[in-house]
Amino acid sequence: MPVPLLDLTRQYQSLKIEIDAAVARVLAHSKFIMGPEVAAFEKEVSEKLGVAHAMGVASGSDALILALRAVGVGPGDEVIVPTFSFFATAGSVTHVGATPVFCDISKDDYNIDAALIEQKVTKKTKVIMPVHLFGQMPDMDKLRAVADAHHLAIVEDAAQAIGASYKGMTAGRWGKAGCFSFFPSKNLGAAGDGGMIISDDPGVADNVRMLRAHGAKPKYYHGIIGYNSRLDTIQAAILSVKLKHLDTWNEQRRAHADVYDKELAGVGDLILPKRTANAYHIYNQYTIATDRRDGLTAHLKGLGIGMEVYYPLPLHAQQCFAGLPGAGTHLPVAEKAAVSVVSIPIFPDLTQAEQAAVIDGIKAFFK
Ligand SMILES: *Cc1c(COP(=O)(O)O)cnc(C)c1O
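Residues numbered from 1 in each chain as written. Predicted model: local features only at pLDDT ≥ 70, side-chain atom pairs only at ≥ 80, totals over all residues. Heavy atoms only, no water.

*Asks:* How would you sum up the sheet that holds strand E8 (residues 177-181)? Please name residues and give values.
*Replies:* Strands sit in the order E1-E9-E8-E5-E4-E2-E3 across an open sheet of seven strands; the sheet is mixed. In the strand order of this sheet, the two ends are held by strand E1 (53-57) and strand E3 (99-103), each with one partner. The average undirected angle you get between the axes of adjacent strands in this sheet is 25°. With three bridges joining them, strand E2 (residues 78-82) and strand E4 (residues 125-128) adopt parallel strand pairing. Each residue of the ladder has a partner; that of Val 79, found in E4, is Val 127. Across the sheet, helix H4 (residues 88-95) is in contact with E2, E3 and strand E5 (153-157); its angle to E3 comes to roughly 150°. (Pairing = 2+ DSSP bridges. Helix = DSSP H or I, 4+ residues; strand = E, 2+ residues; numbered from the N terminus. Axes fitted to C-alpha atoms, helices over the stretch in contact; angles between N-to-C directions. Contact = heavy atoms within 4.5 Å.)

Here it is as structure tokens:
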């Protein structure tokens, strides 16, 4: 049985009436930019997450750029980022004129290794940007201790982690600002691009609101140079419909993870994703690792089972960063992960039969 890595049509079919009505409502009033649905969705998110401010922006990548600018990062500054992440984590740092400093990860959760951060801190370091990779937060107590000891701000790349938490406190609220993505494959996905910044700091929130509208305050008066980066009204209307289901979807992903954990334990040399103590994992991805990764992916491809390697090349090894100081250094845990991980289907609507086919396919390879 072929199994897609992700099938978004099922989610749309299950919410079609509500989503179609939401889109029709926006078309009818035609307030496409910063229409009432944007403020409504921002309010829903801030209430749900218990955060003072939520600002919709055009994408998760823009959320990172605007958040860094809003907390005062600019040319000459350094931002410590995990080297094992989606490109935008580091690209955003470069876009604000600062320098990304790459840190290795923990082999347990693939997140930034807090024990290695201290040796990366210089006089120029301004921010630590953890990524809650695959939907799981790292040990935030350790991370915060390092940040506090060196008076560094935390800006969270929580693009994959809306609804995740650590010790009961939501992803995105642990630092000065938290960034979400509504890219369609994220746990809360729009019908296109979208993103959000949350913050409890009114100054940061003010800055973001200016930056997303070209730095204007009031309109047509520009104290700073900003961007055109708003969350579309149509996207906000769709996201409001979906937000009500986020907790259920996250629980469904966790239930699928429980099945994989049980069924794939001890199969071949597989390393299954570990659960960090005190972290509520929302499994944007279920990522396994094996020394026979390329054989396994070829085998699954032959069976029509969807999978994807997140990520095949760590950020410090990307060609575009070859000019950075520290280029050419080795970050062994991330380099090992890049050649051994593969993510398998875990979307909420995955059926029991499909999941069984994925499990059987993997077991057959290691027989
Ligand atoms: C998806 C993602 C982003 C970027 O989000 P977009 O909405 O696609 O711009 C940034 N960081 C991480 C870790 C991501 O997974």
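*Asks:* Quick rundown of the environment of Cys 320? Include the residues and the values.
*Replies:* Assignment of secondary structure puts Cys 320 in the loop between helix H10 (293-303) and helix H11 (332-340). Overall, the relative accessible area of 53% leaves Cys 320 in the exposed class. Spatially, the C-alpha atoms of Cys 320 and Gly 91 are 9.5 Å apart, while their sequence positions differ by 229 residues. (Buried < 20%, exposed > 50% of the residue type's maximum accessible area, 1.4 Å probe, protein only.)

*Asks:* Tell me about the nonpolar core, and please be specific about residues and values.
*Replies:* Phe 41, Ile 117 and Phe 182 are the most contacted members of the largest nonpolar core, which has 40 residues in total. Of all the secondary structure elements, the ones that give two or more residues to this core are helix H2 (36-49), E3, helix H5 (114-117), helix H6 (140-149), strand E9 (195-199) and helix H8 (233-243). Setting aside anything within four residues of it in sequence, one finds Ile 117 in contact with Ile 80, Cys 103, Ile 112, Ile 128, Leu 143 and Val 146. Counting residues in hydrophobic clusters, the runner-up holds 33 residues, among them Ile 65, Met 129, Ala 205 and Val 208. (Core = buried A, V, L, I, M, F, W, Y, C linked by side-chain atoms within 4.5 Å.)

*Asks:* Can you lay out the site of the ligand for me, pointing to particular residues and giving the numbers?
*Replies:* Around the ligand, the surrounding shell holds 16 residues, and the nearest of these are Gly 60, Ser 61, Gln 160, Ser 181 and Lys 186. Contact distances for the ligand include 2.7 Å between an oxygen atom and a backbone N or O atom of Gly 60. Note that a nitrogen atom of the ligand is positioned 2.8 Å from one of the side-chain N or O atoms of Asp 157. Within the complex, the protein chains bury 93% of what would otherwise be the 380 Å² of accessible surface of the ligand. Of all the elements in the fold, those that place two or more residues in the shell around the ligand are helix H3 (60-70) and H4. Considering only residue class, the shell around the ligand consists of six nonpolar, eight polar and two charged. (Near = heavy atom within 4 Å. Polar contact = N/O pair within 3.5 Å; in protein donor to acceptor, adjacent residues only side chain to side chain. Areas by Shrake-Rupley, 256 points an atom, 1.4 Å probe, with all protein chains shown as cover. Nonpolar A, V, L, I, M, F, W, Y, C, P; charged D, E, K, R; others polar.)

*Asks:* Before we move on, could you go through unusual backbone geometry and cite the residues and values that matter?
*Replies:* Of all residues except glycine, most have a negative phi; of all peptide bonds, most are trans. In this structure, Pro 218 follows Lys 217 across a cis peptide bond, with omega equal to -10°. Following the sequence through the fold, Pro 218 ends up in the loop between helix H7 (202-211) and H8. For the bond running from Tyr 310 to Tyr 311, omega is 5°, close enough to zero to count as cis. By the element assignment, Tyr 311 lies in the loop between H10 and H11. Even without a glycine there, the phi angle at Phe 134 is positive, about 65°. Note on placement: Phe 134 falls in the loop between E4 and H6. A positive phi angle, close to 45°, is found at Tyr 283, a residue other than glycine.

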